[in-house]
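So you can see what is in the structure, the chains are spelled out below.
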Amino acid sequence: MSSTGVIGEYSAGGVVYRRTAEGYDIVAVQRARHEDWSLPKGHIEAGESREQAALREVKEETGLDAQIVGELGEVVYFYRRREEGLVRKSVYHYLMEALGDKLGNPNWEVSEVRWVPITGAYTLLSYENDKGIVRKAQTFLNTPTS
Ligand code: ATP
């Protein structure tokens with residue numbers, strides 16, 4: 001914990017896409033413990049780069065191998081942990097091309113994984129900042145944002 005009493009937490013993940021006849025699909029992850037739909041992401045472990053963490057978390061949460069094609073920036077949010085207090089969380093987002101289509105099975109962390117058209121992701125994703133990252137991905141992929 002820092003001297004201000006705020007705990008710093010660091011994760012990596014992002015937008016994993018595949019090409020379709022109509023445009024692009026991206027992967028969204030439902031997490032039972034938070035009852036949300038989010039982009040795949042998770043904690044950066046000691047000795048791991050942000051990029052390695054993003055690719056490992058994508059594999060763990062979605063079953064997909066992927067390759068990084070760009071950076072989509074950092075998102076910061078705060079939440080409160082019951083025992084420890086306020087957490088300041090940074091999530092480093094990448095644009096990643098899926099190297100296959102087949103999604104993994106649900107597990108203790110992830111209750112459902114889904115391919116969704118990139119234009120439909122806004123209605124599914126729970127957090128405004130995730131939607132902003134998808135918008136950046138659309139700009140990067142040069143595809144319409146609505
Ligand atoms: P990680 O996937 O990094 O291992 P975690 O499950 O430990 O994450 P978070 O996903 O950061 O933790 O969730 C902690 C809290 O923050 C929950 O209350 C969740 O609803 C909220 N949260 C998750 N993602 C976001 C976001 N993008 N913006 C705002 N709040 C979020």
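Given the structure is predicted, the values throughout are model-derived calculations rather than measurements.

S.K.: I'm lost on the overall build of the protein in this one. Help?
M.R.: Check the secondary structure of the protein and you find three helices and seven strands. Traced from its N-terminal end to its C-terminal end, the protein shows the element sequence β-β-β-β-α-β-β-β-α-α. A compact globule built from 146 residues should have a C-alpha radius of gyration of about 15 Å, and the protein, at 15 Å, falls within 12% of that. Across the 146 residues that make up the protein, the buried fraction comes to 45%. For the protein, contacts bridging at least 24 residues in sequence account for 67% of all contacts bridging at least 6. Within the structure as shown, the protein displays about 8,000 Å² of accessible surface, and the carbon and sulfur contribution to it stands at 48%.

S.K.: What is the right way to look at the pairing of strand β6 (residues 85–98) in this model?
M.R.: Successive residues of a regular strand alternate their side chains across the two faces of the sheet. Among the 14 residues of β6, eleven are classified as buried, and the element is accordingly described as predominantly covered. Here strand β1 (residues 7–19) runs beside β6; their pairing, made up of eleven bridges, is parallel. Paired with Tyr17 across the two strands is Glu97, which belongs to β6. As judged from the 14 bridges shared by strand β5 (residues 66–81) and β6, these two strands associate in the antiparallel manner. Opposite Arg80, over in β6, you have Leu86 as the bridge partner. Where β5 hands over to β6, the hairpin turn is made up of three residues, counted between the paired strands.

S.K.: Is there a simple way to think about the site of the ligand in this case?
M.R.: What surrounds the ligand is a group of 13 residues, the closest being Ser11, Arg33, Tyr77, Lys89 and Tyr127. Between Lys41 and the ligand, the recorded distance is 2.7 Å, taken from a side-chain N or O atom to an oxygen atom. Tyr77 places a side-chain nitrogen or oxygen 2.6 Å from an oxygen atom of the ligand. Judged by the proximity of its atoms to the pocket grid, the ligand belongs to the largest pocket.

S.K.: Just to check I follow, could you spell out unusual backbone geometry for this structure?
M.R.: What is expected of a backbone is that most residues other than glycine have negative phi and most peptide bonds are trans. Unusually for a residue other than glycine, Glu35 sits at a positive phi of about 50°. Considering the arrangement of structural elements, one finds Glu35 in the loop between β2 (24–31) and β3 (36–38). Since its relative accessible area comes to 75%, Glu35 is described here as exposed. Located in the positive-phi region is Asn142, a residue other than glycine, with phi close to 60°. Relative to the assigned elements, Asn142 resides in the segment after α3 (128–141). On the basis of relative accessible area, Asn142 is assigned to the exposed category, the value being 72%.

S.K.: Is there a simple way to think about helix α1 (residues 50–62) in this case?
M.R.: Since the α-helix advances by 3.6 residues per turn, residues separated by three or four positions end up pointing in the same direction. If you check α1, its first and last C-alpha atoms are 18 Å apart, about what 13 residues at 1.5 Å a residue would give, namely 18 Å. Structurally, α1 contributes buried residues whose contacts are with β1, β2, β4 (41–43), β5, β6 and β7 (112–117).

S.K.: Where do I start with the side chain of Gln138 in this structure?
M.R.: Tracing the backbone through its elements, the reader meets Gln138 in helix α3. With residues near it in sequence (within four places) discarded, Gln138 still touches Ile118, Thr119, Tyr122, Thr143, Pro144 and Thr145.

S.K.: How should I be thinking about the environment of Ile133 in this particular structure?
M.R.: Turning to its location among the elements, Ile133 is positioned in helix α3. Separated by 60 residues in the primary sequence, Ile133 and Gly73 have C-alpha atoms spaced 7.8 Å apart. Not counting residues up to four positions away in its chain, the partners in contact with Ile133 are Val15, Leu39, Leu72, Gly73, Val75 and His93.

What counts, and at which threshold
Residues numbered from 1 in each chain as written. Predicted model: local features only at pLDDT ≥ 70, side-chain atom pairs only at ≥ 80, totals over all residues. Heavy atoms only, no water. Helix = DSSP H or I, 4+ residues; strand = E, 2+ residues; numbered from the N terminus. Rg over C-alpha atoms; globule rule 2.2 N^0.38 Å. Buried < 20%, exposed > 50% of the residue type's maximum accessible area, 1.4 Å probe, protein only. Contact = heavy atoms within 4.5 Å. Areas by Shrake-Rupley, 256 points an atom, 1.4 Å probe, with all protein chains shown as cover. Pairing = 2+ DSSP bridges. Near = heavy atom within 4 Å. Polar contact = N/O pair within 3.5 Å; in protein donor to acceptor, adjacent residues only side chain to side chain. 1 Å grid on protein atoms, 1.4 Å probe; cavity = no way out; pocket = protein on both sides within 12 Å on 5 of 7 lines; lining within 4 Å. Sits in = over half its atoms within 2 Å of the grid points. Expected span 1.5 Å × (residues − 1).

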